[in-house]
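Architecture and fold: a report
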Amino acid sequence: MATLPKPALRSKILAARRALADRDRERETRSLQTQITELTAGADTVVAYIPVGSEPGAGSAGVPLLDNLTGVRILLPIARTGRPMQWAPYRPGELVSAPFGLREPARPWLPPEAIAEAHILLVPALAVARDGTRLGRGAGFYDRALGLADPAARRIAVVRDDELLDALPVEPHDVPMTHALTPGLGLVPVGGAGRE
């Protein structure tokens, strides 16, 4: 899959995600939920997102990846075309519809630099390579935002097991991930993380 250009890779991965059976999707969501709960235990601030459509972790009800997190401040992205990504604290039951078919917290919002408060960044991805290269949807929101993150933060791409690849096309603006999180493989160091 990695030899394809980015647009073809995106199409192929999205088609595979849509073809996943509901029972498999729910099983993967439960696994990710458990892993994220364990991963963020004791964290102060975590950057996360609300999975939608066929994204890993998109459940049939509620916000499964975030529902069990307690004692942690969760910042969710606010994405607007032509503007840097902003952030807002997650307040259960208070999400509103947003552009791009997303859900987000209502105002007030925090500035782009708020991402630097988190030491765990859960990042949506279509795929991630073992060298840390992340394939997103192509709008560049996260690549621009991740430049403001604490350099020591764990940048964790949340993908399905078969979306952890040996290689992906890389561009100069791509911000590498330090880990992949998958339902079956768990937390996998990528890009040299854990090998120092």
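Keep in mind it's a predicted model, so treat the numbers as computed, not measured. (Residues numbered from 1 in each chain as written. Predicted model: local features only at pLDDT ≥ 70, side-chain atom pairs only at ≥ 80, totals over all residues. Heavy atoms only, no water.)

Notes on the overall build of the chain
Check the secondary structure of the chain and you find four helices and 12 strands. Computed over its C-alpha atoms, the radius of gyration of the chain comes to 16 Å, within 12% of the 16 Å expected for a compact globule of 196 residues. Principal axes of the C-alpha set define a box for the chain whose edges measure 45 × 40 × 35 Å. Within the chain, the fraction of its 196 residues that count as buried is 51%. The contacts of the chain with a sequence gap of at least 6 include a subset with a gap of at least 24, amounting to 66%. Surface summary for the chain: the accessible area is close to 9,200 Å², and the carbon and sulfur share equals 55%. (Helix = DSSP H or I, 4+ residues; strand = E, 2+ residues; numbered from the N terminus. Rg over C-alpha atoms; globule rule 2.2 N^0.38 Å. Buried < 20%, exposed > 50% of the residue type's maximum accessible area, 1.4 Å probe, protein only. Contact = heavy atoms within 4.5 Å. Areas by Shrake-Rupley, 256 points an atom, 1.4 Å probe, with all protein chains shown as cover.)

Let's talk about the side chain of glutamine 86
Tracing the backbone shows glutamine 86 in strand β3 (residues 86–89). By relative accessible area, which is 18% here, glutamine 86 ends up buried. If near-sequence neighbours (up to four positions away) are discounted, glutamine 86 is found in contact with Leu76, Pro77, Ile78, Trp109, Leu110 and Pro112.

Quick word on helix α2 (residues 22–40)
Each α-helix winds once per 3.6 residues, and so residues spaced three or four apart point in a common direction. Its 19 residues give α2 an end-to-end C-alpha distance of 27 Å, which sits within 8% of 27 Å, the value for a rise of 1.5 Å per residue. Within α2 the residues assigned to the buried category are Arg25, Glu28, Thr29, Leu32, Gln33, Gln35, Ile36, Leu39 and Thr40. Directly beyond the C-terminal end of α2, a positive phi value near 85° is found at glycine 42. (Expected span 1.5 Å × (residues − 1).)

So, the UniProt feature "binding site: substrate" (unreviewed entry) in the chain
With numbering aligned to this structure, UniProt lists the feature "binding site: substrate" (unreviewed entry) at Ile50 and Glu55. One can find isoleucine 50 in the loop between β1 (45–47) and α3 (64–67). According to the relative accessible area criterion, isoleucine 50 is buried, its value standing at 6%. As for its position among the elements, glutamate 55 is in the loop between β1 and α3. The class for glutamate 55 is buried, based on a relative accessible area of 11%. In contact with glutamate 55, other than residues within four places in its own chain, are Arg17, Tyr49, Ile50, Pro124 and Arg137. (UniProt positions renumbered as here; feature names shortened; annotations may be inferred.)

Describing the environment of leucine 102
Relative to the assigned elements, leucine 102 resides in the loop between β4 (95–97) and β5 (103–105). The class of leucine 102 is partly exposed, set by a relative accessible area of 30%. With 76 residues separating them along the chain, leucine 102 and threonine 178 place their C-alpha atoms 25 Å apart. With near-sequence residues (within four places) excluded, leucine 102 lies in contact with Val52, Val96 and Ser97.

Some remarks on the packing of aromatic side chains
The final tally for this structure, using the stated rule, is one aromatic pair. Where phenylalanine 100 meets phenylalanine 141, the ring centres are 5.7 Å apart and the plane angle is 65°; that geometry is what we call edge-to-face. Taken as a pair, phenylalanine 100 in the loop between β4 and β5 and phenylalanine 141 in helix α4 (residues 141–146) lie far apart in primary sequence, 41 residues in all. If you follow arginine 107 out to its NZ or CZ, it ends over the ring of tryptophan 109, 3.9 Å from the centre. (Phe/Tyr/Trp six-rings, centres within 6.5 Å; stacked < 30°, edge-to-face > 60°. Lys NZ or Arg CZ within 6 Å of the ring centre and 35° of its normal.)

A few points about the pairing of strand β11 (residues 179–182)
Burial along β11 is two-sided: His179 and Leu181 facing one way and Ala180 and Thr182 facing the other are all buried. Examined bridge by bridge, strand β9 (residues 154–158) and β11 share three bridges and lie parallel to one another. The partner of isoleucine 156 across the bridge, within β11, is histidine 179. Relative to strand β12 (residues 186–189), β11 runs antiparallel, the two being bridged by four bridges. If you follow threonine 182 over to β12, its bridge partner there is glycine 186. Two successive antiparallel strands, β11 and β12, enclose a turn made up of three residues. (Pairing = 2+ DSSP bridges.)

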